Amino acid sequence: MRKGRKARQASDAAPARKVDYRNLKNPFPQMKAFSDDHIATMHEAALDMLERLGIKVLLPEARDAFRKAGAKVDESTEMVFIGREIVQAALASAPKSIPVAGGARDRDIVLELGNLVFQPGAGAPHASDRIKGRRPGTWEDYQDLTRLTQHFDVLHMVPPLVEPQDIPMHLRHYATMDAQLRLTDKVPFVFSRGTPQVEQSFEMLAGFRGLSDDAFHAGSQCYTIINTNSPRTIDIPMAQGLIDFAKAGQVSIVTPFTLMGAMAPITVAGAITLSHTEALAAITLTQITREGAPVCYGTFTSNVDMKSGAPVFGTPEHFRASLAAGQLARLIGLPWRSASGSAANSNDVQAANETQFGTWGCLMAGATVVIHAAGWLEGGLTVSYEKLITDIEVLQMVAELCAAGETGGADLGLDAIEDVQPGGHFFGTPHTMARYQTEFYEPLVADYANFGTWTERGETDATTRATGIWQDILAQPSPIKPDDNAMGQLQDYIAKATAAGGAAPVS
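Since this is a predicted model, take the numbers as computed values, not measurements.

About the criteria used
- Residues numbered from 1 in each chain as written.
- Predicted model: local features only at pLDDT ≥ 70, side-chain atom pairs only at ≥ 80, totals over all residues.
- Heavy atoms only, no water.
- Pairing = 2+ DSSP bridges.
- Helix = DSSP H or I, 4+ residues; strand = E, 2+ residues; numbered from the N terminus.
- Contact = heavy atoms within 4.5 Å.
- Axes fitted to C-alpha atoms, helices over the stretch in contact; angles between N-to-C directions.
- Phe/Tyr/Trp six-rings, centres within 6.5 Å; stacked < 30°, edge-to-face > 60°.
- Buried < 20%, exposed > 50% of the residue type's maximum accessible area, 1.4 Å probe, protein only.
- Lys NZ or Arg CZ within 6 Å of the ring centre and 35° of its normal.
- Polar contact = N/O pair within 3.5 Å; in protein donor to acceptor, adjacent residues only side chain to side chain.
- Patch = residues over 30% accessible without salt bridge, like charges linked within 9 Å, V, L, I, M, F, W, Y side chains within 5 Å.
- Areas by Shrake-Rupley, 256 points an atom, 1.4 Å probe, with all protein chains shown as cover.
- Salt bridge = Lys/Arg side-chain N within 4 Å of Asp/Glu carboxyl O.
- Lys, Arg positive; Asp, Glu negative; His and termini not counted.
- Charge placed at Lys NZ, Arg CZ, Asp CG, Glu CD.
- Disulfide = S-S within 2.5 Å.
- Expected span 1.5 Å × (residues − 1).

(A) Spatial organisation of the sheet that holds strand S11 (residues 233-234). On the basis of which strands lie adjacent, the open sheet formed by 4 strands has the order S3-S4-S2-S11 and mixed pairing. Two strands bound the open sheet, and with one partner strand each, they are strand S3 (72-74) and S11. Looking at chain direction, strand S2 (residues 55-57) and S11 are connected through 2 bridges and run parallel. What sits directly across from Val57, in S11, is Ile234. The strands touched by helix H3 (residues 60-68) within the sheet are S2, S3 and strand S4 (79-81), with S2 carrying the most contacts at an inclination of about 125 degrees.

Structure representation (structure tokens):
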């Protein structure tokens, strides 16, 4: 193709493509699973259950807090009966917008309806990749996956990724906090594994960021995930976590894990109503502990395979449950967390289909935080290095849709349409040449070569290409350069705390 002088000048001036995936707004119209009237009925049913049937709360301190707030408590059964006026007051005081500080100011996020935050897979006991295979998660895996999370701007928060099982539980929180502060500047995660570990994690984070106790408590610096024990139970570590995080002004993301047909009714409406009931109880505990404490509504509701009892994800029922949860979140006005995920055992077509379908359920539901959006396999038993990379492709394409918009008419290309005669082409027009490097998404994993070229290159499939991508990322030095003084103080703290025996995961 011969270019004219004008086209060559436009080509020479074409800028390199720049993307910004750090602050996303959900651009998609939100779908409904049920009518507004049915959602209102589900909310009223949840309030009625809390008032009439109650919820089992295993932590005495939490039961005492509910009692002081006006709830009825039966100590012999550990059941708490929460009046709807108590729940309604809690929903009124819970903040609708929650700023959370990253390690760098350009990593700060705001959790509120309409915003969109992605996390990779979290909480898995195993890791897997094509080189080492499937294995129990290690300290090396935790660091590697933290670095991969840091690398991609479309991931906004650091989740617990995999359990580093080669580090004893009473020392593990030192290792995970060290990795998060040393290898990433994104919003960090703190496990709710008892007050001693939580308080030490807060101390490490505040010291590293140079914050006084008052400054740390004045704004959210980290978050935790709180899972209720369905049906209708809040156990000791989770209740203690709600209290500890509320007192410190840090974010609790409340997430009942209700599986239809197992620990929840088999219908979507029934399972979500139970999930909503449990979430309201946990949210209420944060607010009676500290009015205005930052808390997110959440759900992780899917179904089970009725042949085996195994949890499944990325199903139509999972999708509909996310839509229903979104309706309830908008009803109470709180930012909320949903989840994608896959039950597949390898990074195959099943895994891709389930994760993408589950992710679209979250997007259509208007979720604020989408967790398990990259890398999650086996229903949460494994985080796969290759799947993390191939899922990132989808998240980045979603982010492109979030950023798409009108450009004042220049995007219409009217001059180009006038210049090109019928039967011609647009390859060499100034309109094309000025935009060809910036207009289209550049794939991370996908190979757009034709069959002949792909064959000549070795017929490499997407999973194999993903291996090369994560290897290349990890072969480079970490881009995070923490302050030497802050890093030294953190290491001193960890050394002294370790020598003192660490902290057991007890409340």
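(B) Inspection of the packing of aromatic side chains at higher detail. Considering all chains together, one arrives at 13 aromatic pairs under this definition. With a centroid separation of 5.1 Å and an interplanar angle of 75 degrees, the aromatic rings of Phe202 and Phe245 are classed as edge-to-face. Of this pair, Phe202 sits in helix H7 (residues 195-209) while Phe245 sits in helix H9 (residues 236-248); the two residues are 43 residues apart in sequence, bridging distant segments of the chain. In terms of burial, Phe202 and Phe245 fall into one category: buried. Ring-pair connections join several aromatic residues into one group, and the members of that group are Phe257, Phe300, Phe313 and Trp376. Arg193 extends its terminal NZ or CZ atom over the ring of Phe191, reaching a point 3.6 Å from the ring centre.

(C) Fine view of the environment of Glu112. Structurally, the position occupied by Glu112 is in strand S6 (residues 109-112). On the accessibility criterion, Glu112 (23% relative accessible area) is partly exposed. Spatially, the C-alpha atoms of Glu112 and Leu334 are 7.0 Å apart, while their sequence positions differ by 222 residues. Residues in contact with Glu112, not counting those within four places in the same chain, are Lys25, Lys96, Ser97, Pro335 and Thr368. Within polar-contact distance, the side chain of Glu112 engages the side chain of Ser97 at 2.6 Å.

(D) Region of the structure containing a negative patch on the surface. A surface patch of negative charge is lined by Glu199, Glu203, Asp213 and Asp214. Within the secondary structure, Asp214 sits in helix H8 (residues 213-218).

(E) Quick peek at the state of the cysteines. For the coordinates displayed, the defined rule picks out 0 disulfides. No disulfide involves Cys222; its sulfur sits 13 Å from that of Cys296, the nearest cysteine. Of all cysteine sulfurs in the structure, the one in Cys362 sits closest to Cys402, which takes part in no disulfide; the separation is 13 Å. Owing to a relative accessible area of 15%, Cys402 belongs among the buried residues under this scheme.

(F) Up close: helix H5 (residues 139-151). Along its 13 residues, H5 runs 19 Å from first to last C-alpha, staying within 8% of the 18 Å computed at 1.5 Å per residue. Most of H5 sits inside the fold, with 10 of its 13 residues counted as buried. Where H5 is buried, its residues contact strand S8 (126-129), strand S9 (133-136), helix H6 (169-183), strand S19 (382-384), helix H13 (385-403) and helix H17 (462-475).

(G) Inspection of a nonpolar patch on the surface at higher detail. Side chains of Leu412, Leu414, Ile417 and Phe426 sit close together on the surface and give an oily, nonpolar patch of about 400 Å² of accessible area. Turning to its location among the elements, Leu414 is positioned in helix H14 (residues 414-419).

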